[in-house]
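Chains, contacts and geometry: an overview
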Amino acid sequence: GQGGHAYLREWLWWAGLLCMGVGEAANFAAYAFAPATLVTPLGALSVLVSAVLSSTFLNEQLNVHGKIGCILSILGSTVMVIHAPQEEEVSSLESMAEKLKDPGFIVFAVCVLVSSLLLIFVAGPRYGRSNVLVYVLVCSAIGSLSVSCVKGLGIALKELFAGKPVLKEPLGWVLLVCLVVCISVQINYLNKALDIFNTSVVTPVYYVLFTTAVMTCSAILFKEWQHMVLDNIIGTISGFLTIVCGIFLLHAFRDMPFPPDLLPLFLQQSRADLHASWRSADRHQSCQHRPLLPSEDKGSQSAEEEEEGEDV
């Protein structure tokens, strides 16, 4: 809330970063055994778990929109797992080096770097505090390259555990340095976006842009979509869009109250019981006032008869 880098002096921030690092280590291991197009969208489950835990331990309210978003995230993740693409087999750093030399990936990496520099030095000072897309786009674009570095380091660790002399390979160290730089840039500009804008806005936008960038990078680098049939392509895209809708409902309407008046009457059990009690009270009240009405009528009738007798 103070702006700048004041959070670096808070021990709680470092503790949270350490916990996130443990979780990302498990995510890191997943990239070594599964396509990035599958692993990255499944990160939406962490958003779902954090929403459930926050409602349990932090007493945050999870409204109807949030519950629907959680269900949609689970359904979308299931569909993506069923229709997951198969990447080309990359089992060594030599094959990873051949992938990185592909002209398509080189063009993609250059476009990412140039666009990120333009966003940082040109668009950032002008529109960074008024448009949420500026800093989030920087995190997403650089994040797509970091996922590629993670994939290569995962392969290097597998070879290291197999007894191969991986530490002598310069590619592994280059990927490690690139990963540290990319993650540092992501943390810096993601914290800037969270410092300026609401979390309910930054989180869904960042998830959508980051996942889209990672899927694009993986499709170019590992040719994951090259041998997919039409039904798997439709299933993967549908699952991803379902997750996007779930994340949007979970965060965009998190602070919006959902009163029970918007539900149909047959779903409002307490409201129906209250309405029934009101009706019974009205009936009871009408029974109490019922004897008064005839007496008033009877009194008025007797008064009219007396007046008629006096006139006579």
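This text goes with the structure placed above it.
Here the structure is a predicted model, which is why all the values come from computation and not from measurement.

1. Considerations on the layout of surface pockets
Roughly 370 Å³ of internal volume is contained in the second largest pocket. Lining the second largest pocket are 19 residues, and of these Leu113, Leu145, Cys149, Cys178 and Cys182 sit closest to its centre. Listed by contribution, the elements that provide at least two residues to the lining of the second largest pocket are α5 (93-100), α6 (103-127), α7 (133-161) and α8 (170-196). Ranked by residue count, the leading element in the lining of the second largest pocket is α8, at 7 residues. Here the lining of the second largest pocket is composed, by residue class, of 17 nonpolar, 2 polar and no charged.

2. Some words on the packing of aromatic side chains
The geometry of an aromatic ring pair is captured by two quantities: the separation of the ring centres and the angle between the planes. As enumerated under the stated definition, the model contains 3 aromatic pairs in all. Seen in terms of ring centroids, Trp13 and Trp14 are 5.0 Å apart; in terms of plane orientation they differ by 85°. Their pairing is edge-to-face. The class of Trp13 is partly exposed, set by a relative accessible area of 21%. Centroid distance Tyr135 to Tyr189: 5.6 Å. Interplanar angle 35°. Geometry classified as tilted. Taken together, the positions of Tyr135 in helix α7 and Tyr189 in helix α8 put the pair 54 residues apart, joining distant regions of the chain.

3. Regarding the packing of α6 against α7
For any two helices packed against each other, the geometry comes down to the angle between their axes and how far apart the axes lie. In contact at an axis separation of 9 Å, α6 and α7 are set at 155° when each is read in the N-to-C sense. In terms of orientation, α6 and α7 fall into the roughly antiparallel class. Judged by the sense of rotation from one axis to the other, the crossing of α6 with α7 is left-handed. Residue-level contacts link Phe105, Phe108, Ala109, Val112, Leu113, Ser116, Leu119, Ile120, Ala123, Gly124 and Tyr127 of α6 to Val134, Tyr135, Leu137, Val138, Ala141, Ile142, Ser144, Leu145 and Ser148 of α7. Taken together, the residues of the contact of α6 with α7 sort by class into 16 nonpolar, 4 polar and no charged.

Reading guide: rules and limits
Here the residue index of a chain counts from 1 through its sequence in written order. Given that this is a predicted model, residues contribute local features only at a pLDDT of at least 70 and side-chain atom pairs are listed and counted only at 80 or more, while totals for whole chains, interfaces and linings are drawn from all residues. Think of the side-chain values as coming from all heavy atoms in the structure, minus any hydrogens and water. Residues are called lining when one of their atoms sits within 4 Å of a cavity or pocket point, these points coming from a 1 Å grid over the protein atoms alone, where a cavity is a set in which a 1.4 Å probe fits but cannot get out and a pocket is an open set with protein on both sides within 12 Å along at least five of seven lines. Grid points are joined across faces, edges and corners, and a volume is the space filled by probe spheres set on the points. A run of H or I in DSSP becomes a helix once it reaches four residues, and a run of E becomes a strand once it reaches two; helices and strands are each numbered from the N terminus. Each residue is assigned to one class: nonpolar for Ala, Val, Leu, Ile, Met, Phe, Trp, Tyr, Cys and Pro, charged for Asp, Glu, Lys and Arg, and polar for all the others, Gly among them. The aromatic pairing rule takes the rings of Phe, Tyr and Trp, using the six-membered ring of Trp, and pairs them if the centres are within 6.5 Å, calling planes under 30 degrees apart stacked, those over 60 edge-to-face and the rest tilted. Each residue is placed in one exposure class: buried if its accessible area under a 1.4 Å probe, protein chains only, is under 20% of its type's maximum, exposed if it is over 50%, and partly exposed if it falls in between. Where helices are involved, their axes are fitted lines through C-alpha atoms of the stretch in contact, as for all axes, and angles between N-to-C directions lie from 0 to 180°. In what follows, roughly perpendicular refers to angles from 65 to 115 degrees, roughly parallel to angles under 35, roughly antiparallel to angles over 145, and oblique to any angle outside these ranges. Handedness of a crossing is defined here by the sense of rotation of the near helix relative to the far one, left-handed for an anticlockwise turn of less than a right angle and right-handed for a clockwise turn. Residue contacts are defined here by distance: any two heavy atoms, one from each residue, within 4.5 Å place the two residues in contact.

Function-wise, these values are silent; they only describe arrangement.
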